[in-house]
Amino acid sequence: MKTAGLLGGMSWESSLEYYRLINEEIKHKLGKLHSAKIILNSVDFEPIEKLQHLGKWNELGRMLAREAKKIEDAGADFLLICTNTMHKVADTVQDSISIPLLHIADATGEVLTRDGIKKVALLGTAFTMQEDFYKKRLQEKFSLEVIVPNKEQREIVHKIIYNELCLGVIKEDSKKIYLDIIKDLANKEADGVILGCTEIGLLVSQNDCDIKVFDTTKIHAKKAVELMIDE
């Protein structure tokens, strides 16, 4: 079994899910008393969140690159950045290490393509929904049409992520708001919706939606297990 390196803490709520999902999938695949070989480096999210909203992405890239190198030096065979938003600096991180980085958008794009999705809605932080680093990768690498909520909806989605989900706060009112936004996107002929923030799956699941839901945390974790056991 290969060793997965997890760069987490952004937020720890979703990093906890990564650890659980990867171990559950290893147990499902291998049985007996098998558990996942994982090296986890969990960073402090508070200063990172402040730098995000100040737009200091070069500094963030250098910061995550240093933390990724620690994971490589500890013996990981490949790296996961356990957050969608921080894939904005994925190239900087990859350039700093010699082990491969499993990009969350690539893992998601593969599943979307396999499922025959052509037009997909994207929910996430404002950075993920508004900027090109995520959408453009899906568009250019997987030929997907990507749509996002309107400006007012994006602001609400972003606020709920940072003020509630990253703090482990789950509210039924917020869930209803998300479901209404997803319904609106479905009415714009989206074939599916990407939960493009690793915390959104704590609030919304496939059971809540008629439209096909793609939870990036689950997809990323499952792809990691495939690499770990060479499927």
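Everything numeric in this text was worked out from a predicted model, so none of it was measured.

About the cut-offs
Every chain is numbered independently, its residues counted from 1 as its sequence is written. The predicted nature of this model means local features are confined to residues of pLDDT at least 70 and side-chain atom pairs, given and counted, to a pLDDT of 80 or more, with totals for whole chains, interfaces and linings taken over all residues. Hydrogens and water are ignored here; the side-chain numbers use all heavy atoms of the structure. Runs of H or I in DSSP of at least four residues are treated as helices and runs of E of at least two as strands, each being numbered from the N terminus. Here the globule rule reads 2.2 Å times residues to the power 0.38, and the radius of gyration is calculated from C-alpha atoms. Here a residue-residue contact requires only that any non-hydrogen atoms of the pair lie within 4.5 Å. Reported accessibility uses the Shrake-Rupley method at a 1.4 Å probe radius. Residues are deemed covered only where the shown protein chains occlude them. Stacked, edge-to-face and tilted labels apply to pairs of Phe, Tyr and Trp rings (six-membered ring for Trp) whose centres lie within 6.5 Å, assigned for plane angles under 30 degrees, over 60, and everything in between, in that order. Each residue's exposure class comes from its accessible area (1.4 Å probe, protein chains only) as a fraction of the maximum for that residue type: buried when under 20%, exposed when over 50%, partly exposed otherwise. By definition, being over a ring means that NZ of Lys or CZ of Arg is both within 6 Å of the ring centre and within 35 degrees of the ring normal. Two strands pair if DSSP finds at least two bridges between them. We call a set of buried residues a nonpolar core when its members are Ala, Val, Leu, Ile, Met, Phe, Trp, Tyr or Cys and they connect through side-chain atoms within 4.5 Å of each other. Here, the term right-handed applies to a crossover whose path from the first strand over the helix to the second runs clockwise when the strands point away from the viewer. Geometry is summarised by axes, namely lines fitted to C-alpha atoms with helices restricted to the contacting stretch, and by angles between N-to-C directions that run from 0 to 180 degrees. Salt bridges are defined by distance alone: a side-chain nitrogen of Lys or Arg within 4 Å of a carboxyl oxygen of Asp or Glu.

Caption draft 1: Looking closely at the overall build of the chain. Within the chain, the regular secondary structure consists of ten helices and seven strands. Taken over the C-alpha trace, the chain has a radius of gyration of 17 Å; the compact-globule value for 231 residues is 17 Å, and the two agree within 12%. Over its C-alpha atoms, taken along the principal directions, the chain stretches across nearly 45 × 40 × 35 Å. Taking as baseline every contact in the chain between residues at least 6 positions apart, the subset at least 24 positions apart corresponds to 74%. Accessible surface, the chain as shown: approximately 11,000 Å² in total, 48% of it carbon and sulfur.

Caption draft 2: A look at the packing of aromatic side chains. Going through the model one piece at a time under the given rule, you end up with three aromatic pairs. Aromatic pair Trp 57 and Phe 127: ring centres 5.2 Å apart, planes at 75°, arrangement edge-to-face. Remark: Phe 127 occurs in helix α6 (residues 126-130) and Trp 57 occurs in helix α3 (residues 57-73); sequence separation between them is 70 residues. In this pair, the class of Trp 57 matches that of Phe 127, namely buried. We note Lys 88 situated over the ring of Trp 57; from NZ or CZ to the ring centre the distance is 5.3 Å.

Caption draft 3: Main features of the pairing of strand β6 (residues 192-195). Alternating residues of β6 divide into Gly 192 and Ile 194 and Val 193 and Leu 195, and every residue in both groups is buried. Looking at chain direction, strand β4 (residues 119-123) and β6 are connected through four bridges and run parallel. Residue pairing across strands places Leu 123 opposite Leu 195, the latter belonging to β6. Bridge count for β6 against strand β7 (residues 212-215) is four bridges, and the pairing is parallel. The partner of Val 193 across the bridge, within β7, is Val 213.

Caption draft 4: Region of interest: the nonpolar core. Grouped together as the largest cluster of nonpolar side chains are 47 residues, with contacts concentrated most on Leu 79 and Tyr 178. Looking at this core, the element that brings in the most residues is α3, giving six residues. Core analysis: the next-biggest nonpolar cluster, separate from the first, contains 32 residues, Ala 4, Leu 21, Val 120 and Ile 219 among them.

Caption draft 5: Quick peek at the pairing of strand β2 (residues 38-42). Here β2 shows a clear split, with Ile 39 and Asn 41 buried on one side and none of Ile 38, Leu 40 and Ser 42 buried on the other. Pairing geometry for strand β1 (residues 4-8) and β2, over five bridges, is parallel. Within β2, the position partnered with Leu 7 by the bridge is Asn 41. Chirality of the crossover, the property in question, places the unit of β1, helix α1 (residues 12-30) and β2 among those that are right-handed.

Caption draft 6: Focus on the sheet that holds β2. The strand order across the open sheet built from three strands is β2-β1-β3, with neighbouring strands paired in parallel fashion. What marks the edges here is a single partner per strand, and that holds for β2 and β3 (78-81). Sheet twist, expressed as the average angle between the axes of neighbouring strands with direction ignored, equals 20°. Relative to β3, β1 is paired through four bridges, and the arrangement is parallel. Each residue of the ladder has a partner; that of Leu 7, found in β3, is Ile 81. Against the sheet, α3 contacts β1, β2 and β3, and its axis sits at roughly 150° relative to β1.

Caption draft 7: Region of the structure containing the sheet that holds strand β5 (residues 145-147). Reading across from one edge, β5-β4-β6-β7 is the order of the four strands in this open sheet, with parallel pairing throughout. This sheet does not close on itself; its edge strands, each paired only once, are β5 and β7. Strand-to-strand twist of the sheet, defined as the mean angle between neighbouring strand axes without regard to direction, takes the value 30°. The sheet contacts of helix α10 (residues 216-228) involve β6 and β7, and relative to β7 the element is tilted by about 60°.

Caption draft 8: Quick peek at the side chain of His 158. Following the sequence through the fold, His 158 ends up in helix α8 (residues 151-163). Leaving out residues up to four positions away in the same chain, His 158 has contacts with His 53, Gly 124, Thr 125, Ala 126 and Phe 127.

Caption draft 9: Quick peek at the pattern of salt bridges. Applying the stated criterion to the full structure yields 19 salt bridges. When the shortest N-O distance is used, the salt bridge between Arg 20 and Glu 17 registers 2.5 Å. Of this pair, Arg 20 and Glu 17 both sit in helix α1, three residues apart, which is roughly one turn of the helix. Looking at Arg 20, the relative accessible area reads 34%, which means it is partly exposed. Given the relative accessible area of 19%, Glu 17 is considered buried. For Glu 140, the salt bridge is made with Lys 136, and the minimal N-O distance between the two is 3.9 Å. Within this pair, Glu 140 and its partner Lys 136 are both found in helix α7 (residues 132-142), separated by four residues, close to a single helical turn.

Read these as spatial facts, not as claims about activity.
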